[in-house]
Amino acid sequence: MKKIIALEIISGWDRNTIASKIAKDLPHGSYVNLGIGMPELVSQYIEGGREIVYHSENGLLGMGPPPQENEIDLDLVNAGKKPVTILPGGSFCHHADSFSMIRGGHIDYCVLGAMEVSIKGDLANWSTGTGIPAVGGAMDLVAGSKHVFVMTQHLTKEGEPKLVKQCSLPLTGASVVSRIYSDYATLDITDKGFKVLELNENITLDYLQMVTDGNVYQ
Amino acid sequence: MKINKIMNEMSDLLSDVFDGATIMIGGFGEAGSPIELLHGLIDNGAKNLTIIANNAGNGRVGLGALIGQNQVKKVICSFARSAKGITFPELYAKGKIELEVVPQGTLAERIRAAGAGIPGFYTATGVGTPLAEGKEEKLFNGKKYILENALHADFAFVKADVADRYGNLTYNKTARNFNPIMCMAAKQSIVQVRNIIDPKDTDPEQVVTPGIFVNRIIKIENPIIESKAIAEGAVYP
């Protein structure tokens, strides 16, 4: 892997702005699974009268926002084991049914974080190769969802590219990612490389290419 | 004589749990985790257990306590890392406990398959990843899948909300999770419930786990709340 250290890390969109860009691309009526952490922000930015149904892998369809302090129910939690609510029209199911929604191709979009994404759409987001290995539902989500969106910083904290020719970390899935929303750009995975759909106003295409390990084009 | 799966003494409920048994433990984190049954298993003292669960316990109550008592030789789960996990990380770092990592949906489907009499199945989950190593691959319509085997167990330890004497179960919200499929996959499923009702009051349309999948029931009206117990520094035994 080409290790580029960006000399100067330019700040791009903040995470709320990235979340709002993803939210704009989720069609009305779609069934969506948001990964734990940064992707959870996406639900705050659904506008224009659209209705999205959120799936939580632990057997909840129609997940709502976090409860008020006095309404917390420890039997009603999300995939991160945090208290949530259920909206009208929501339902509970057991784990095999919940994962049939994922593995059977019924989830339209999942939005996940990434450690690395390759130019072929390979995703690494479950293991740094050290510590206790723990995968959760990530491999099921990338294998079964119709569209896999990645929400990520373009660079690691050390200034290394996360968009790479080949992942060096253990894969979550091979050729599974369709689109990447980073703080620098929105990019589609294509046969010719990372295709830029939108570029942050502070970033030139040359700079984006410099901090991306793999062909970038517009 | 009437069918009655309800038992009153924890020691009777778990009396045949043996050394080396494979036990499924319901729950997703603390939601639906049968804490009292796990404490009963600590009192029972069976060792060299293989545990099938989604997680590997928190603190020193429930599954965390069982592991801390060195009664478990192997954990099969999807996510063994937890901010509040103590006992599993300790033993794992020392190489004193085995871990088989299974993607969560594959774990659920392997359990469901066992309950449905399906010895194995092909899935796209895990293809091209380290978790596919050593597994048979097959192409269907040009797409690659891997073979996964059913997961059976000697016992399932399950938490439900309401039962009747036939073993018909309903659950509470997302505390349902792995519990219904584990009841189906184990030779003996042992269930703790908050409430027991007369079968006349069981609504057949609402039953989630039909009684055929359930063997023994105990009523635990006010179960321990794991996170609260851990926050209070609880340690079992």
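What comes next concerns the included structure. What you see is a predicted model; the values in this text were computed from it and never measured.

Reading guide: rules and limits
- Residues numbered from 1 in each chain as written.
- Chains lettered and ligands numbered in written order.
- Predicted model: local features only at pLDDT ≥ 70, side-chain atom pairs only at ≥ 80, totals over all residues.
- Helix = DSSP H or I, 4+ residues; strand = E, 2+ residues; numbered from the N terminus.
- Rg over C-alpha atoms; globule rule 2.2 N^0.38 Å.
- Contact = placed C-beta atoms within 7 Å.
- Pairing = 2+ DSSP bridges.
- Buried ≥ 20, exposed ≤ 12 C-beta atoms within 10 Å, placed from the backbone.

A separate point is the overall build of chain B. What chain B contains, in helices and strands, is seven helices and eleven strands. Relative to the 2.2 N^0.38 estimate, which gives 18 Å for 237 residues, the radius of gyration of chain B is 18 Å and therefore close to what a compact globule would have. Viewed in the frame of its principal axes, chain B has a C-alpha envelope of about 55 × 40 × 30 Å. Across chain B, every contact between residues at least 6 apart in sequence was considered, and the portion connecting residues at least 24 apart equals 77%.

Below, the discussion takes up the sheet that holds strand 6 (residues 116-118) of chain A. Residues and elements named next belong to chain A. The mixed open sheet is built from three strands, whose spatial order is 7-6-9. A strand with exactly one partner marks an edge of an open sheet, and here the two such strands are strand 7 (123-124) and strand 9 (163-164). Across two bridges, the pairing between strand 6 and strand 9 is parallel. The partner of S118 across the bridge, within strand 9, is V164.

This brings us to the environment of A:N125. Residues and elements named next belong to chain A. Counting through the fold element by element, N125 comes out in the loop between strand 7 and helix 3 (138-144). On the basis of neighbour count, N125 is assigned to the buried category, with 25 C-beta atoms found within 10 Å. Linking N125 and V77, residues 48 residues apart in sequence, is a C-alpha distance of 23 Å. Residue contacts for N125: discarding those within four places in its chain leaves L112, G113, A114, M115, A138 and T172.

Turning to the sheet that holds strand 3 (residues 60-64) of chain A, a few remarks are in order. Residues and elements named next belong to chain A. Spatially, ten strands are ordered 4-3-2-1-5-8-10-11-12-13 in an open sheet, and the strand pairing comes out mixed. Edge positions in the open sheet fall to strand 4 (85-92) and strand 13 (216-217), since each of these has one partner strand only. Across six bridges, strand 11 (residues 185-190) lies against strand 12 (residues 193-199) in antiparallel orientation. Each residue of the ladder has a partner; that of I189, found in strand 12, is F194.

With that settled, the discussion passes to helix 2 (residues 35-44) of chain B. All names here are of chain B. Buried within helix 2 are the following residues: I35, L37, L38, G40 and L41. Close packing links the buried residues of helix 2 with helix 1 (10-13), strand 1 (22-25), helix 3 (62-68), strand 8 (153-163), strand 10 (186-196) and helix 7 (226-231). Count one or two residues on from helix 2 and you reach G45, which has phi positive near 85 degrees.

This part covers the pairing of strand 8 (residues 147-152) of chain A. All names here are of chain A. In terms of burial, strand 8 is largely enclosed, as five of its six residues are buried. Here four bridges tie strand 5 (residues 109-112) to strand 8, and the two strands are oriented parallel to one another. Looking at strand 8, one finds that V111 is bridged to F149.

As far as function goes, none of this settles anything; it's purely spatial.
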